[in-house]
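Each chain, letter by letter, is given below.
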Amino acid sequence: MIKDIKVEYNSKTYKKRKKFLGFGAPYIGEEEIREVVDTIRSGWWTTGPKTHQFEEEFKNYVGSKHAIAVNSATAGLHTSLTSLGIGPGDEVITTPLTFVASANVIIHCGAKPVFADVEKDTWNIDPREIEKKITKKTRAILPVHLHGRPCRMDEIMSLAKKHKLFVVEDAAHAVEAIQKGKKVGSIGHLTAFSFYVTKNVATGEGGMITTNIKRLVDKASVLRLHGLSRDAWKRYSKTGFSLYEAVVPGYKYNLTDIASSLGLHQLRRVEKNLKIRKQIWDAYSKNLSNEPLLTLPSPIESGDRHAMHLFAVLLDLKNIKVARNEFVDMLIKENIGSGVHFSPVHTQPIYRKMFGYKKGDFPIAEFVGERIVSLPIAANLTEKDVKDVVLAVKKVLRKVSK
Ligand SMILES: *Cc1c(COP(=O)(O)O)cnc(C)c1O
């Protein structure tokens, strides 16, 4: 239990943490280990009964009609866009303040990523900016629930309806998120989740697509495995031989039963882990709110639930002697690992080169991207870890203050 922690910083009594606190290690139980061993012994390593079970449990958790397991969120987003027939000549609107994968998948389809700036307080894509970017070529909106905070899906869905667009959500951070009472994964046309090792449900590499639209499930399931017709993974089972046919040039994006063995138990623990992360979130909020050089995450709107995947703060660079990266380095010297989520995509060399994006194009995303630091928040942190983080942050802030 990490509760009601109160941390007072005192330069005389401060002691550097002995062991490095890594950023984002997975929480693993004996259940996962037993399940993986069982799968290995069963001889059915790749997509099979456990992946099917994982899909069933995942869709029940999210409240969507269908779930399709894939081997990453990137694969899930790519498959989703392709299922919608998005390709050359099309535009997809997304946020610049995200991991490159969210925008790369648009290029993988041959379409153009068009960015819309974020909101100053939530750091999520701004629906008013989306509307400004809609053209005749726009086919879809790809919102990202940054750090686990749900986007304004009600507004995004009504924009989509008005302009006849599809909505593909990047919910890599947001397995547990809820917007206006609706679970993320049950709102947009298609949603992709990530089970990368650092995410809230971890399988090493893995992902899931959810949707309520039957036609899209059929397309996505076929695309996920070489474009083979029908449940091709069943072709070696005892239910009878059936010769497959290739109906599209699909991908190799299926999830293994070894990964699903981890996912099944990770998912069953997802609400419990969120409660622990909320305690850490509250401890950081309470103990850092009096630091004038930090901006903390803005309050969560009523009816919404933040998945609390990442706890990020903004540095007041005007009153700090160092740049953000140096601040991160100084935390490492105190044996605290932290992260940057994210440096805006449009400033990445390949995006400048391919599309001519430049610094200044999306000022809010750039403002946030230059100042943002994520502090460790994971279900396996101890009370001592959380205290160490707060103390190290306070120490470094005093050192860099102008
Ligand atoms: C991790 C991440 C992805 C990619 O997830 P993978 O499962 O590694 O492909 C996509 N978008 C965001 C915002 C992410 O953080």
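Residues numbered from 1 in each chain as written. Predicted model: local features only at pLDDT ≥ 70, side-chain atom pairs only at ≥ 80, totals over all residues. Heavy atoms only, no water.

A. The side chain of glutamine 179, seen in detail. Relative to the elements of secondary structure, glutamine 179 occurs in strand E6 (residues 178-179). Exposure remark for glutamine 179: the relative accessible area of 5% places this residue in the buried category. With sequence-adjacent residues up to four places away left out, glutamine 179 is seen in contact with Pro150, Cys151, Arg152, Met153, Asp154, Ile187, Gly303 and Asp304. (Helix = DSSP H or I, 4+ residues; strand = E, 2+ residues; numbered from the N terminus. Buried < 20%, exposed > 50% of the residue type's maximum accessible area, 1.4 Å probe, protein only. Contact = heavy atoms within 4.5 Å.)

B. How the structure looks around the packing of aromatic side chains. The tally for this structure, following the rule as stated, stands at 15 aromatic pairs. Relative to phenylalanine 58, the ring of phenylalanine 54 has its centre 6.2 Å away and its plane inclined at 80 degrees; by these criteria the two rings are edge-to-face. One end of the pair is phenylalanine 54 and the other is phenylalanine 58, both in helix H2 (residues 49-62) and four residues apart, which spans about a single turn. Residues phenylalanine 54 and phenylalanine 58 agree in their burial class; the two are buried. Look at tyrosine 351 and phenylalanine 355: their rings are 5.9 Å apart centre to centre, the planes differ by 35 degrees, and that puts the pair in the tilted class. Here tyrosine 351 and its partner phenylalanine 355 are both found in helix H11 (residues 349-355), four residues apart, which amounts to about one turn of the helix. Here the aromatic residues Phe115, Tyr351, Phe355, Tyr357 and Phe362 are joined through ring pairs into a cluster of three or more. For arginine 371, the ring lying beneath its charged end belongs to phenylalanine 367, and the centroid distance is 3.7 Å. (Phe/Tyr/Trp six-rings, centres within 6.5 Å; stacked < 30°, edge-to-face > 60°. Lys NZ or Arg CZ within 6 Å of the ring centre and 35° of its normal.)

C. Focus on the nonpolar core. Residues Tyr284, Phe327, Leu331 and Leu375 are the most contacted members of the largest nonpolar core, which totals 38 residues. Residue assignment for this core shows that the elements contributing at least two residues are helix H9 (270-288), strand E11 (311-315), helix H10 (324-333), strand E12 (372-375) and helix H13 (383-400). Here the element with the most residues in this core is H13; it accounts for eight residues. Apart from residues lying up to four places away in sequence, leucine 331 is in contact with Ile336, Ser338, Val373, Leu375, Ala392, Val393 and Val396. (Core = buried A, V, L, I, M, F, W, Y, C linked by side-chain atoms within 4.5 Å.)

D. Main features of the pairing of strand E3 (residues 112-115). With four bridges joining them, strand E2 (residues 91-94) and E3 adopt parallel strand pairing. Paired with threonine 94 across the strands is phenylalanine 115, a residue of E3. Note that the unit made of E2, helix H4 (residues 100-108) and E3 has a crossover that is right-handed. (Pairing = 2+ DSSP bridges. Right-handed = clockwise from strand over helix to strand, strands pointing away.)

E. Summary view of the site of the ligand. Taken together, 15 residues sit near the ligand, with Thr74, Asp170, His173, Ser194 and Lys199 positioned nearest. Aspartate 170 places a polar side-chain atom, nitrogen or oxygen, 2.7 Å from a nitrogen atom of the ligand. A distance of 3.1 Å separates an oxygen atom of the ligand from a polar atom in the side chain of lysine 199. Within the complex, 92% of the 380 Å² of free accessible area of the ligand lies under protein. Considering only residue class, the shell around the ligand consists of six nonpolar, seven polar and two charged. (Near = heavy atom within 4 Å. Polar contact = N/O pair within 3.5 Å; in protein donor to acceptor, adjacent residues only side chain to side chain. Areas by Shrake-Rupley, 256 points an atom, 1.4 Å probe, with all protein chains shown as cover. Nonpolar A, V, L, I, M, F, W, Y, C, P; charged D, E, K, R; others polar.)

F. Molecular detail of the domain arrangement of the protein. When cut into domains, the protein gives domain 1 (30-268) and domain 2 (270-400). Each partner contributes residues to the interface: domain 1 has 44 residues there, and domain 2 has 37 residues. In total, about 3400 Å² of surface goes out of reach between domain 1 and domain 2, with carbon and sulfur atoms giving 61% of it. Area buried by domain 1 at its contact with domain 2 is led by Trp123, His147 and Arg149, which between them contribute 21% of it. There are two salt bridges connecting domain 1 and domain 2. A salt bridge links glutamate 176 to arginine 277; its shortest N-O distance comes to 3.0 Å. Counting across the interface, domain 1 meets domain 2 through 23 residue pairs in polar contact (both at pLDDT 80 or more). Of the residues assigned to the side of domain 1 that touches domain 2, the class counts are 21 nonpolar, eleven polar and twelve charged. (Domains from an automatic or database assignment. Buried area = accessible area lost by both parts, 1.4 Å probe. Salt bridge = Lys/Arg side-chain N within 4 Å of Asp/Glu carboxyl O.)

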